[in-house]
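# Descriptive analysis of the structure
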Amino acid sequence: MKLADRARKQSANSDWQRQGWYYYDAIGELRSPLVWIANAVSQADIHATELDPATGTPTGPSENAIAMQAAAQVLGGAAKRATLLKVLALCWQVPGEAWVIVRPRPPIQGRPQPDEWIVLPPSQVKSKGNGADAKWEYRDPKIGVDVQLDSKSRLFRVWSPHPADFIQADSAVRPALPVCREIEKAGQTIAAQLDSRLALAGLLLLADELDLPRGEHDTTALALMDELLAAAEATIQQPGTPSAVVPITINAPADMIASGGAMAFINPITEFVGGLDDLRDRALARLANTLDMPKDIAAGTQGESNHWSAWQVEESTYKIFIEPLLQALGDALTEQWFRPALVAMGMTEEQAATYEVGWDTTKIVARPDDTENLRDLHDRLLISDEYMLAENGIPVDAAPDQEEYTRRLLEKIVIGAPSLLSDPNVAAAMGLEVVVAPEATGASGEIEGGQLEPAESSRALPSTQGTEPEPEAVPDGLTAAAELLVFDALSRAGGRLLTRENRGQFANVPKHELHTKLESSGDDGRLLEGSFQFVGPVAEAFGLYEGTLRAVLKTYVRNRLYTREPHNRTVLTNMLTEAMR
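An account of the accompanying structure is given in this report.

Cut-offs used in this document
Residues numbered from 1 in each chain as written. Predicted model: local features only at pLDDT ≥ 70, side-chain atom pairs only at ≥ 80, totals over all residues. Heavy atoms only, no water. Helix = DSSP H or I, 4+ residues; strand = E, 2+ residues; numbered from the N terminus. Buried < 20%, exposed > 50% of the residue type's maximum accessible area, 1.4 Å probe, protein only. Contact = heavy atoms within 4.5 Å. Areas by Shrake-Rupley, 256 points an atom, 1.4 Å probe, with all protein chains shown as cover. Axes fitted to C-alpha atoms, helices over the stretch in contact; angles between N-to-C directions. Left-handed = near helix turned anticlockwise from the far one by under 90°. Pairing = 2+ DSSP bridges. Patch = residues over 30% accessible without salt bridge, like charges linked within 9 Å, V, L, I, M, F, W, Y side chains within 5 Å. Salt bridge = Lys/Arg side-chain N within 4 Å of Asp/Glu carboxyl O. Core = buried A, V, L, I, M, F, W, Y, C linked by side-chain atoms within 4.5 Å. Parallel < 35°, antiparallel > 145°, perpendicular 65-115°, else oblique. Nonpolar A, V, L, I, M, F, W, Y, C, P; charged D, E, K, R; others polar. Phe/Tyr/Trp six-rings, centres within 6.5 Å; stacked < 30°, edge-to-face > 60°. Lys NZ or Arg CZ within 6 Å of the ring centre and 35° of its normal.

## Brief notes about the overall build of the protein chain
- For the protein chain, the count of helices and strands is 22 helices and 15 strands.
- The 581 residues of the protein chain split such that 37% are buried.
- Counted over contacts in the protein chain with a minimum sequence separation of 6, partners at least 24 positions apart contribute 65%.
- When the accessible area of the protein chain is evaluated, it comes to approximately 33700 Å², of which 53% is carbon and sulfur surface.

## A few points about the environment of Met388
- Examined against the element boundaries, Met388 turns out to sit in helix H14 (residues 385-391).
- The class for Met388 is buried, based on a relative accessible area of 15%.
- Measuring from C-alpha to C-alpha, the distance between Met388 and Thr555 comes to 9.7 Å, with 167 residues separating the pair along the chain.

## A few points about the packing of helix H13 (residues 371-379) against helix H21 (residues 546-563)
- At a minimum axis distance of 10 Å, the contact between H13 and H21 shows a crossing angle of 65°. Of the two elements, H13 crosses H21, and the hand of that crossing is right-handed. Contacts between H13 and H21 involve Asn373, Leu374 and Leu377 on the former and, on the latter, Gly547, Ala551 and Thr555.

## A word on the sheet that holds strand S7 (residues 146-148)
- Taken in spatial order, the three strands of this open sheet run S5-S6-S7, and their pairing is antiparallel. Looking at which strands have only one partner, the edges of the open sheet turn out to be strand S5 (125-128) and S7. Direction aside, neighbouring strands of the sheet carry axes that sit 30° apart on average.
- Pairing geometry for strand S6 (residues 135-139) and S7, over three bridges, is antiparallel. Across the sheet, Tyr138 pairs through a bridge with Val147, a residue of S7.

## Description of a nonpolar patch on the surface
- Together, Tyr405, Leu409 and Ile413 make up a nonpolar patch on the protein surface, roughly 260 Å² of accessible area in all.
- Among the structural elements, Tyr405 can be located in helix H15 (residues 402-416).
- On the basis of relative accessible area, Tyr405 is assigned to the partly exposed category, the value being 43%.

## Some words on the pairing of strand S10 (residues 165-169)
- One ladder, built from two bridges, connects strand S9 (residues 161-162) with S10; its direction is antiparallel. Paired with Pro161 across the strands is Ala169, a residue of S10.
- Between S9 and S10, which pair antiparallel one after the other, the connecting turn spans two residues.

## Quick word on unusual backbone geometry
- Unlike most non-glycine residues, Leu75 shows phi in positive territory, near 55°.
- Along the chain, Leu75 turns up in the loop between helix H4 (65-71) and helix H5 (78-93).
- Unusually for a residue other than glycine, Arg564 sits at a positive phi of about 60°.
- Within the secondary structure, Arg564 is located in the loop between H21 and helix H22 (569-579).
- Accessibility expressed as a relative area gives 33% for Arg564, which makes it partly exposed.

## Topic: the sheet that holds strand S8 (residues 154-159)
- Read from one edge of the open sheet, three strands run S4-S3-S8, paired in antiparallel fashion. Among the strands making up the open sheet, the edge pair consists of strand S4 (116-120) and S8. The mean angle between the axes of side-by-side strands here comes to 20°, regardless of whether they run parallel or antiparallel.
- The pairing of strand S3 (residues 97-103) with S4 spans five bridges and is classified as antiparallel. In the strand pairing of S4, Ile101 is matched with Ile118.

## Describing the pattern of salt bridges
- The tally for this structure, following the rule as stated, stands at 15 salt bridges.
- The partner of Arg31 in a salt bridge is Asp25, and the shortest N-O contact between them spans 3.7 Å.
- We classify Arg31 as partly exposed; its relative accessible area is 36%.
- As a salt-bridge pair, Glu116 and Lys142 come within 3.1 Å of each other at their nearest N and O atoms. Placement of the pair is Glu116 in strand S4 and Lys142 in the loop between S6 and S7, with a sequence separation of 26 residues.
- For Glu116, a relative accessible area of 10% gives the class buried.
- Put simply, Arg103, Glu116, Asp140 and Lys142 are held in one network by salt bridges that share partners.

## Description of the nonpolar core
- Judged by nonpolar contacts, the single largest core of 63 residues is most densely connected at Leu30, Leu75, Trp117, Leu333 and Phe338.
- Of all the elements, helix H11 (residues 315-344) adds the most residues to this core, at 11 residues.
- When neighbours within four sequence positions are excluded, Leu30 is seen to be in contact with Tyr23, Tyr24, Val173, Cys180, Leu287 and Leu291.
- Core analysis: the next-biggest nonpolar cluster, separate from the first, contains 34 residues, Ala489, Leu528, Leu549 and Tyr556 among them.

## Focus: the packing of helix H3 (residues 28-41) against H5
- Where H3 meets H5, the closest approach of the two axes is 8 Å, and the angle between their N-to-C directions is 140°. Looking at the two axes, H3 sits oblique to H5. Judged by the sense of rotation from one axis to the other, the crossing of H3 with H5 is right-handed. Contacts from Leu34, Val35, Ile37, Ala38, Asn39 and Val41 in H3 reach Leu85, Lys86, Ala89, Leu90 and Gln93 in H5.
- Residue composition of the contact of H3 with H5, by class: eight nonpolar, two polar and one charged.

## Notes on the environment of Tyr355
- For Tyr355, the location among the structural elements is in strand S13 (residues 355-360).
- Residues Tyr355 and Asp52, 303 residues apart in the sequence, show an inter-C-alpha distance of 9.4 Å.

## Looking at the packing of aromatic side chains
- Applying the stated criterion to the full structure yields five aromatic pairs.
- Centroid distance Trp99 to Trp136: 5.4 Å. Interplanar angle 50°. Geometry classified as tilted. Residue Trp99 is found in strand S3, and its partner Trp136 is found in strand S6; the two are separated by 37 residues along the sequence.
- Classification of Trp99 as buried rests on a relative accessible area of 0%.
- Residue classification places Trp136 among the buried residues on the basis of a relative accessible area of 3%.
- Taking 6.2 Å as the distance between ring centres and 75° as the angle between the ring planes, the aromatic pair formed by Trp159 and Phe166 counts as edge-to-face.
- Lying across the ring of Trp159, Arg157 places its NZ or CZ 4.2 Å from the centre.

These results come straight from atomic positions and should not be treated as a statement about function.
Here it is in structure tokens:
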């Protein structure tokens with residue numbers, strides 16, 4: 001509580017934070033991309049992860065029952081987690097900080113209840129007093145009144161630190177405030193001019209010499225105005241009647257009519273100030289460049305991206321713009337609640353220190369489109385038909401049966417070699433009731449035993465068998481480096497295949513071989529999350545294209561998971577050899 005009090009005192013709700021929320025409400029071009037990023041963050045899921053004692057790096061989802069139970073309660077559980085993550089992401093981007101409150105709930109019928117989690121912007125949390133006498137109040141989001149924080153509740157701050165003063169918050173919106181003011185002023189000026197043109201339609205000057213019955217009016221102008229309004233009303237109410245098209249008649253001296261001086265119209269409204277819309281558009285472009293997110297998202301053009309990034313976040317976007325938020329949030333949750341909860345649930349402090357909150361970003365990060373690489377590997381007979389179908393989301397039972405496969409294959413072959421139609425066996429396999437004579441196909445010879453024997457005069461193409469150049473041998477170093485990446489990926493997948501039910505049954509099986517014992521759920525994105533992160537340096541060291549090497553390794557590992565076969569160096573080397581052609 002002392003740390004929270006110090007943070008609260010040194011990071012009072014600043015004017016720039018209030019201005020940020022104001023422009024968030026007032027400028028749709030600012031609100032939309034911020035909400036887009038927040039919606040992406042809200043799709044993250046939480047799991048407990050165990051740290052490698054040697055390196056301190058996460059090893060993937062933990063299967064420890066206590067850690068799993070604690071992680072399931074973080075941010076209010078699965079039901080409320082997405083909403084709270086969205087609020088946290090918006091607070092991270094606008095005021096740069098948020099306060100998380102975890103308050104215990106009373107038991108129901110003697111059964112303990114999970115804690116209640118609340119996420120609030122800095123303006124909704126206040127402190128009074130100092131030190132031990134400090135009291136904290138927060139605006140309860142359910143009832144809308146200030147509530148004093150009780151001693152059993154936890155309060156901690158998550159913030160994006162300013163580099164010049166670490167305790168102060170910083171955000172993507174802060175440097176964009178001057179641009180937002182320009183956008184607001186330009187919009188207000190345009191709206192004011194439009195309103196002024198609607199409010200005043202101009203002045204109509206009438207000469208005194210006009211002969212128009214005044215009736216109950218004091219002046220000719222008022223009489224004419226009444227006449228015009230009556231005529232307009234009749235036209236609107238009865239558009240198809242003769243009275244709607246008959247002109248209004250006014251007497252005036254002939255010389256005035258000839259000179260056009262009987263009436264005069266004055267438009268006092270200044271011309272619409274040109275260039276304001278250009279000024280606003282330039283300010284919007286500056287805003288897109290200022291916000292801490294990809295320009296196409298800030299400019300609202302992410303819908304124009306390709307079909308892989310239209311509904312998910314590209315990996316680069318996640319790494320640069322979303323992962324820092326999740327890392328900061330994960331660190332805060334781990335230190336302030338997760339590890340204390342593990343200790344309260346029976347772990348020692350040393351044991352709890354080996355666990356932290358991890359993120360499953362399968363729903364956020366888009367998988368790259370490996371269609372071309374997969375097709376190339378399939379054409380080279382390096383992956384199976386079933387695997388190719390599975391990678392493209394097509395059920396295996398959609399594949400043709402053997403009879404249809406033979407017929408369609410023969411159709412393709414016959415297109416290039418029509419003479420095969422003279423073979424009765426080929427014709428029968430294609431479902432043809434007639435056999436085409438060899439002469440009709442341009443071939444000469446006789447058919448015997450289902451084989452076409454060419455005449456002696458026919459000339460065969462020279463054989464090219466054995467003349468293909470030998471592929472370049474794969475360097476031993478490349479094979480070794482590729483195996484390390486494969487072992488890492490298979491180990492991650494193996495750890496994530498373990499469940500509470502099967503944990504302990506395969507204690508003697510290495511992690512990189514667990515997939516041979518446990519069936520994969522088919523969610524390769526989750527199983528392989530975090531794998532292949534060092535493909536770039538390996539590809540650069542051996543002069544290979546990173547995308548090709550990554551596709552080969554991913555295809556190989558996914559094939560191992562799909563077929564539940566252990567690592568095979570020969571198969572991996574053959575795939576690398578084909579990739580180097």
